[in-house]
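# A look at the structure
What follows is the residue order along each chain.
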Amino acid sequence: MKILIVCLGNICRSPLAQGVLQQKCDEAGLQVKVDSAGTAGYHQGEPPHPDSIKVAQENGISISHQRGRMFKTCDIQEYDKILAMDRSNYCAIKTSSGKSWDESKVSLFLNELNPGKNEEVPDPWYGTYDGYKDVYKLIDATCDRIVEKLKNELSLAQN
Ligand code: 4NP
């Protein structure tokens, strides 16, 4: 199982979500590889934003080794599940996927927590460290829910 989490710059929200979800999957013993990407290429090759690294670190998760990369057309085929942080990311994924677009694979990240509400993870890029702490809380709660669902999905697939 391969999951890709997508935001705009791939330095604030999605690297944090990658680190949190990977750690929770590993702790749950799930065979899941989590990755992240951005729909824009401004920060390709860069480490996550210092405040994302800091809030992850304060919660026992290391994300400083990650490097930003842009969403690629082939990602839609490479990954089993793609989670977009906001509606604009979702639309950009659709456009970049072209003929390979597969609606069944792509959803809004927060719909995993609050199904059908189409809520967005706010972009902390323009704000203070408090914004990163708020985003961490949303991501943490959502990843708990994702892991619960994956446990059910993967155990059903094994039986
Ligand atoms: P992210 O936040 O999409 O959560 O990584 C942003 C990072 C950088 C920029 C915008 C949003 N930027 O304009 O450079």
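See the structure printed just above.
This text gives an overview of the structure that appears in the document. What you are looking at is a predicted structure, and each value in this text was computed from that prediction instead of being measured. (Residues numbered from 1 in each chain as written. Predicted model: local features only at pLDDT ≥ 70, side-chain atom pairs only at ≥ 80, totals over all residues. Heavy atoms only, no water.)

### Re the site of the ligand
As a matter of local geometry, the ligand sits amid Cys-7, Leu-8, Gly-9, Asn-10, Ile-11, Cys-12, Arg-13, Tyr-42, His-43, Asp-123 and Trp-125. Leu-8 places a main-chain nitrogen or oxygen 2.9 Å from an oxygen atom of the ligand. Here an oxygen atom of the ligand and a side-chain polar atom of His-43 are 2.8 Å apart. Relative to its unbound accessible surface of 350 Å², the ligand loses 92% to contact with the protein. Among the residues making up the shell around the ligand, the classes are represented as six nonpolar, three polar and two charged. (Near = heavy atom within 4 Å. Polar contact = N/O pair within 3.5 Å; in protein donor to acceptor, adjacent residues only side chain to side chain. Areas by Shrake-Rupley, 256 points an atom, 1.4 Å probe, with all protein chains shown as cover. Nonpolar A, V, L, I, M, F, W, Y, C, P; charged D, E, K, R; others polar.)

### Looking at the packing of aromatic side chains
Scanning the model with the defined rule gives one aromatic pair in all. Pairing Tyr-90 with Trp-101 gives two aromatic rings, centres 5.5 Å apart and planes at 85°, and the pair type is edge-to-face. Of this pair, Tyr-90 sits in helix α4 (residues 87-97) while Trp-101 sits in the loop between α4 and β4 (106-108), and the two are eleven residues apart along the sequence. The positively charged end of Lys-2 is found above the aromatic ring belonging to Tyr-79, 4.9 Å away from the centroid. Directly above the aromatic system of Tyr-129 lies the positively charged group of Lys-54, at a separation of 4.2 Å from the ring centroid. (Phe/Tyr/Trp six-rings, centres within 6.5 Å; stacked < 30°, edge-to-face > 60°. Helix = DSSP H or I, 4+ residues; strand = E, 2+ residues; numbered from the N terminus. Lys NZ or Arg CZ within 6 Å of the ring centre and 35° of its normal.)

### Overview of the pattern of salt bridges
Summed over the entire model, instances satisfying the criterion amount to eleven salt bridges. Lys-2 is the partner of Glu-78 in a salt bridge, and the nearest nitrogen-oxygen pair spans 3.1 Å. Taken together, the positions of Glu-78 in helix α3 (residues 75-78) and Lys-2 in strand β1 (residues 2-7) put the pair 76 residues apart, joining distant regions of the chain. By relative accessible area, Lys-2 is classed as partly exposed at 27%. The residue Lys-24 makes a salt bridge to Asp-144 at a minimum N-O spacing of 2.9 Å. Placement of Lys-24 in helix α1 (residues 13-27) and of Asp-144 in helix α5 (residues 129-158) is noted, with a sequence separation of 120 residues between them. Residues joined in a network through salt bridges with shared partners are Arg-13, Asp-86 and Asp-123. (Salt bridge = Lys/Arg side-chain N within 4 Å of Asp/Glu carboxyl O. Buried < 20%, exposed > 50% of the residue type's maximum accessible area, 1.4 Å probe, protein only.)

### Regarding the environment of Ala-92
Mapped onto the fold, Ala-92 is located in helix α4. Along the sequence, Ala-92 and Leu-4 sit 88 residues apart, while their C-alpha atoms lie 14 Å from each other.

### What about helix α2 (residues 50-58)?
For α2, the full list of buried residues reads Ser-52, Val-55 and Ala-56. Mapping the buried residues of α2 onto a view down its axis gives an arc of 100°, with all of them on the same face. Within α2, the exposed residues directed more than 90 degrees away from the buried face are Pro-50 and Glu-58. In the core, the buried residues of α2 are packed alongside α1 and α5. Just downstream of α2, Gly-60 is the residue with a positive phi angle, here 80°. (Arc of directions from axis to C-beta. Contact = heavy atoms within 4.5 Å.)

### Examining α5
Relative to the 44 Å expected for 30 residues at 1.5 Å per residue, α5 spans 42 Å between its end C-alpha atoms, a close match to the ideal helical length. Listing the buried residues of α5 in full gives Tyr-129, Tyr-132, Val-135, Tyr-136, Ile-139, Thr-142, Cys-143, Ile-146, Val-147 and Leu-150. Those residues of α5 hidden inside the fold are in contact with β1, α1, α2 and β3 (81-84). (Expected span 1.5 Å × (residues − 1).)

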